Amino acid sequence: MFKTYVTITLRNLSRQKKYAFINLAALTLGLVPVILILLYVQYELSFDRYHKKKDQIYRVVNETTGLFGQKFLSPMYPSPLAQTMVDKLPEVVSVTRLQDGGSRELEYGEKKFVERNLIYADREIFDIFSFEIVKGNPKTALAQPQSIVLSEAMAKKYFDDEEPMGKFLKLDGFRELRVTGVLKNVPKQSHFLVDFLVPASLMGRSNTRAGVLDPNSWGFANFFIYFLVRQDADVGQLEKKFPKFLETYSSNQHLNRARHFFQPLSDIHLYSHLSTELRPNGDINMVYLYASIAVIILLVGCISYINLATIRSTERAKEVGMRKVCGANRSQLIMQFLGESTVLTLLATIMAIYISALVLPYFNSFVESEIEMGILIKGQSLLWLFTVIALVCICSGSYPALVLSAFEPVMVLKGKFGNAKPSHFKTALVIAQCAFSMLFIIMVLVVHKQLAFFRNNDLGLKKDPIVVIRLDGKITANLEAVKTELRRYPNILHVSSVSYLANQSYTQRRLKIPGQPDDATIDMCYSNVDYDYLDLFEIEVMAGRKFSKDFPTAVRSSFILNETATKALGWKESAIGREFSDGPNRKGTIIGIIKDFHLESLHEPIKPLYLFIDPDDSYYNLCVRISPNKIPETIAFIKATIGRIAPNFAFNYRFYDEIFDQQYRVEQKLGRLFSIFAALAVTIACLGLFGLVSLTTAQRTKEIGIRKVLGASPARITTLLTRDYAKWVFLASLIAWPLAWYGANKWLQSFAYRTNLNWELFVLSSALLLGIVLLTVGYQAFRAANANPVVALRYE
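Residues numbered from 1 in each chain as written. Predicted model: local features only at pLDDT ≥ 70, side-chain atom pairs only at ≥ 80, totals over all residues. Heavy atoms only, no water.

Further remarks concern the pairing of strand E26 (residues 621–626). Look at any regular strand and the pattern is simple: side chains alternate between the two faces of the sheet. With six of six residues buried, E26 is to be regarded as a mostly interior element. Here E26 shows two buried faces, one formed by Asn621, Cys623 and Arg625 and the other by Leu622, Val624 and Ile626. In terms of strand pairing, strand E17 (residues 466–470) meets E26 through five bridges, oriented antiparallel. Within the sheet, the bridge partner assigned to valine 468 lies in E26 and is cysteine 623. In the sheet, strand E18 (residues 492–498) pairs with E26 via six bridges, with the strands oriented antiparallel. Paired with isoleucine 492 across the strands is isoleucine 626, a residue of E26. (Buried < 20%, exposed > 50% of the residue type's maximum accessible area, 1.4 Å probe, protein only. Helix = DSSP H or I, 4+ residues; strand = E, 2+ residues; numbered from the N terminus. Pairing = 2+ DSSP bridges.)

Structure (structure tokens):
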């Protein structure tokens, strides 16, 4: 029986090559995003799952509230907390401090590289996480201060086939670290990556105007604190008593006032969006979004299959009648038609897997992951794939099977098997296809409109062409000499050093409001700048003056505030000349008020800001405004100049407008995502509509011939055949518009500054879809309308 089903299925597919191709193409295009997103979802959900004690590992997080009600979440804690938790909390088995080492220079002999994945950690990291040491002893590998553990990949990179144990790597050109262990390569599905481990005790001290800040004091929150609890521990109760524990042992009053909670290891990658992370995290909302889009695309493909199968029901009615007369019962017929959909789905799945493998590198680049096709054949992924195939077979094949198997043999053999025009159900399916496609088109237009708003919005500063160079200790001592040399080049317009770039996330400080009670505070952003900062970014001074070298004795005691800061302080009309302080070590007067500019991305409202000049404090960026002419030559001059003055400095640069655009990387990806899926949805829908109109026009051949004989023009017949589709697009608009408006409005609410949703955008989406649909169905309708009526009526 099974062999018979397969034989009939293949025979029907070969007989109707055109419609088999359309169905196969629609299902394949629908399955490709499903397979890719299935791989993506499994990859994202697998983060940190390889740790054997994953359910017992937590991270401490604190939450503070700003003046304007904004929440600040941070995983940073003082160093003494780690040992205190082990000593005073019986539920805690082990604690480790972690910190990202940033970009560090490592060298061995002639080999010198700038590495990114260097982590400061305590030796307890091996007790908590399942990091496997292949050489060395995990108990002692980080026991000595001048030690380093490196991954197998890094051991190969630096030592080739040499034995790395006992060898020395030089860190930052001066610190000799002895290799005490080799770590098995850490899986990529980790919320922090490790190529090098060095003892947490190597964390340096920070220089401030008040002196040297000890990283091991309660006043310096600079470590991630991860801890392992006992298997029988009540984490909820432990979390409740944690504030009292901190109040007892911590001398950090700001930290003691915060709210604290414990973050499970398994939640960090997808659910954690803190101000500081060891590695950029994923987002569970993106997982949901991708999965939802894949389901919609697959539904559009299934709808095409259902419509084509049911519209062909009249062609297969006699086959059904003959099979029933020969003794086939309804269940056998249902199995036959479900078998056809199964064969077609399996063929589509094979093709979709092949296409997915081809496009996976591009997909990885898009989602910034390292997904492999091998994930698909692992237990859970394989189960999900079989589930998807089964659902597609049922969804695409069940309705046609039920319709065809219900035909009465006597009636169909007499040629009475119903109306050839689409039923209400099939009409509803076409409308649903159009509605889904329109949803994608509207979201593409909304995202691109918001991105255009980002680009065209007045930021209060000029962002191009500015070259940004990240500074480090190798150039700081010679920074003024570098700036002086650069200013002599005619194509360099301004040079400025600054701690934090405009339009990026600023560090904030909670300050007491002068003249108010002690508990009256304000959270203000701040940045250490130099004399050329305002000129370089062309920031307008609203009142007072800029920083000036004409007042050298007053420079360390001068502040410039933005408009938002003066309003928040209540000094809108009389800020100039007022006393201002950001703590016990920096006091002075306000000399200028600048026009508000966007400190951060347009997701955030403009915040209070003060600027100061302090050569003893840190500068992290060197900004160079250049002429748009001869940019390569100017970049070469900057590199050569810095290389001459600071020969050990690793020169890397970026253009500021690129840094600016990177803030909207998520929105740019979302725009590309919706564009790709909109194209897929529309293509699948058009394939289905093309097949549908082909079948309906074929079934109305005699009607078209009679109308032409009676004088109907080709244009009138074309209109007759296509007007239903225009009506269906209109009905789809009525469904898609409110859904799209709700979704787009919810998305836009995440931006403090956003574009407007106007009616023209929705009309444009409907016009685009209508044009595509009419082009698709109009071609077939035009061919049918211009056919010779004699051919259509010859069989009469």
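What follows covers the environment of valine 95. Structurally, valine 95 is set in strand E4 (residues 92–100). Here valine 95 falls in the buried class, since its relative accessible area comes to 5%. Remark: the alpha-carbon pair of valine 95 and arginine 123, spanning 28 residues in sequence, is separated by 9.6 Å. Not counting chain neighbours up to four residues away, the residues in contact with valine 95 comprise Ala82, Met85, Val86, Glu124, Ile128, Ile225, Tyr226 and Phe227. (Contact = heavy atoms within 4.5 Å.)

Relative to the 21 Å expected for 15 residues at 1.5 Å per residue, helix H6 (residues 235–249) spans 20 Å between its end C-alpha atoms, a close match to the ideal helical length. The largest bend in H6 comes to about 35°, at phenylalanine 242, with the proline proline 243 one to four residues further on. What H6 keeps buried is the set Val235, Leu238, Phe242, Phe245 and Leu246. Among the structural elements, strand E1 (57–65), helix H3 (80–88), E4, strand E15 (221–229), helix H7 (253–256) and strand E16 (259–264) are those in contact with the buried residues of H6. For H6, the N-terminal cap is aspartate 234; the gap from its side-chain oxygen to the backbone nitrogen of glycine 236 is 3.1 Å. (Expected span 1.5 Å × (residues − 1). Bend = angle between axes of the 7 residues up to and from the residue. Polar contact = N/O pair within 3.5 Å; in protein donor to acceptor, adjacent residues only side chain to side chain.)

Together, Met351, Tyr354, Ile355 and Leu358 give the surface a local cluster of nonpolar side chains, amounting to about 390 Å² of exposed area. Within the fold, methionine 351 resides in helix H11 (residues 330–367). (Patch = residues over 30% accessible without salt bridge, like charges linked within 9 Å, V, L, I, M, F, W, Y side chains within 5 Å. Areas by Shrake-Rupley, 256 points an atom, 1.4 Å probe, with all protein chains shown as cover. Salt bridge = Lys/Arg side-chain N within 4 Å of Asp/Glu carboxyl O.)

Residue placement: glutamate 63 occurs in strand E1. A residue is classified by how much of its surface remains accessible, and glutamate 63, at 16% relative accessible area, is buried. In contact with glutamate 63, other than residues within four places in its own chain, are Lys71, Phe72, Leu73, Ala258 and Arg259.

If you walk through the whole model with that rule in mind, you get 19 salt bridges. Across the pair lysine 157 and glutamate 115 runs a salt bridge, and its minimum N-O distance is 2.8 Å. Highlighted residues: lysine 157 in helix H5 (residues 152–159) and glutamate 115 in strand E6 (residues 111–115), separated in sequence by 42 residues. By relative accessible area, which is 29% here, lysine 157 ends up partly exposed. Judged by relative accessible area, glutamate 115 falls into the buried class, the value being 6%.

Moving on, we come to the packing of aromatic side chains. For any pair of aromatic rings, geometry is given as the distance between the ring centres together with the angle between the planes. Under the criterion given, the structure shown has 30 aromatic pairs. Between tyrosine 158 and phenylalanine 196 the ring centres are 6.1 Å apart and the planes differ by 80°, which places this aromatic pair in the edge-to-face class. A residue pair is termed long-range when its members are at least 10 positions apart, and tyrosine 158 in helix H5 and phenylalanine 196 in strand E12 (residues 196–199) qualify at 38 residues. Phenylalanine 196 matches tyrosine 158 in its accessibility class, with the two residues each being buried. Measuring from ring centre to ring centre gives 5.5 Å for phenylalanine 242 and phenylalanine 245, while their planes differ by 40°; the resulting arrangement is tilted. Of this pair, phenylalanine 242 and phenylalanine 245 both sit in helix H6, three residues apart, which is roughly one turn of that helix. A residue is classified by how much of its surface remains accessible, and phenylalanine 242, at 1% relative accessible area, is buried. Lysine 157 extends its terminal NZ or CZ atom over the ring of phenylalanine 113, reaching a point 4.3 Å from the ring centre. (Phe/Tyr/Trp six-rings, centres within 6.5 Å; stacked < 30°, edge-to-face > 60°. Lys NZ or Arg CZ within 6 Å of the ring centre and 35° of its normal.)

What follows deals with the sheet that holds E26. Within a sheet, adjacent strands bond to each other through the backbone by hydrogen bonds, running parallel or antiparallel. The four strands lie next to each other as E18-E26-E17-E27, forming an open sheet whose pairing is antiparallel. With partners counted over all chains shown, the strands left at the sheet margins are E18 and strand E27 (653–655), one partner each. Across the sheet, the mean angle from the axis of one strand to that of its neighbour is 20°, orientation sign disregarded. Contacting E18 and E26, helix H16 (residues 479–487) crosses the sheet at an angle of about 165° to E18. Seen against the sheet, helix H19 (residues 631–645) touches E17, E18, E26 and E27 and runs at an angle of roughly 145° to E26. (Axes fitted to C-alpha atoms, helices over the stretch in contact; angles between N-to-C directions.)

For H19, spanning 15 residues, the distance from its first C-alpha to its last is 21 Å, which sits close to the expected 21 Å at 1.5 Å a residue. Burial in H19 covers these residues: Thr634, Ile635, Ile638, Thr641 and Ile642. Taken end-on, H19 shows its buried residues confined to a sector of 130°, consistent with a single buried face. For H19, the exposed residues lying more than 90 degrees away from the buried face are Pro632, Lys639 and Arg644. (Arc of directions from axis to C-beta.)

What follows is about the pairing of strand E22 (residues 558–562). In terms of burial, E22 is largely enclosed, as five of its five residues are buried. Judged from the five bridges that link them, E22 and strand E24 (residues 587–594) form a sheet pairing that is parallel. The residue bridging isoleucine 560 from the neighbouring strand is glycine 592, located in E24. Two strands pair when backbone bridges link them, and E22 and strand E25 (residues 609–612) are joined in this way by two bridges, in the antiparallel orientation.

Another aspect to go through is unusual backbone geometry. Despite not being glycine, aspartate 48 shows a phi value in the positive range, around 65°. Mapping aspartate 48 onto the fold places it in the loop between helix H2 (17–45) and E1. Taking the relative accessible area as the measure of exposure, aspartate 48 reaches 2% and is therefore buried. For aspartate 160, which is not glycine, the phi torsion reads 50° and is therefore positive. Tracing the backbone through its elements, the reader meets aspartate 160 in the loop between H5 and strand E10 (168–171).

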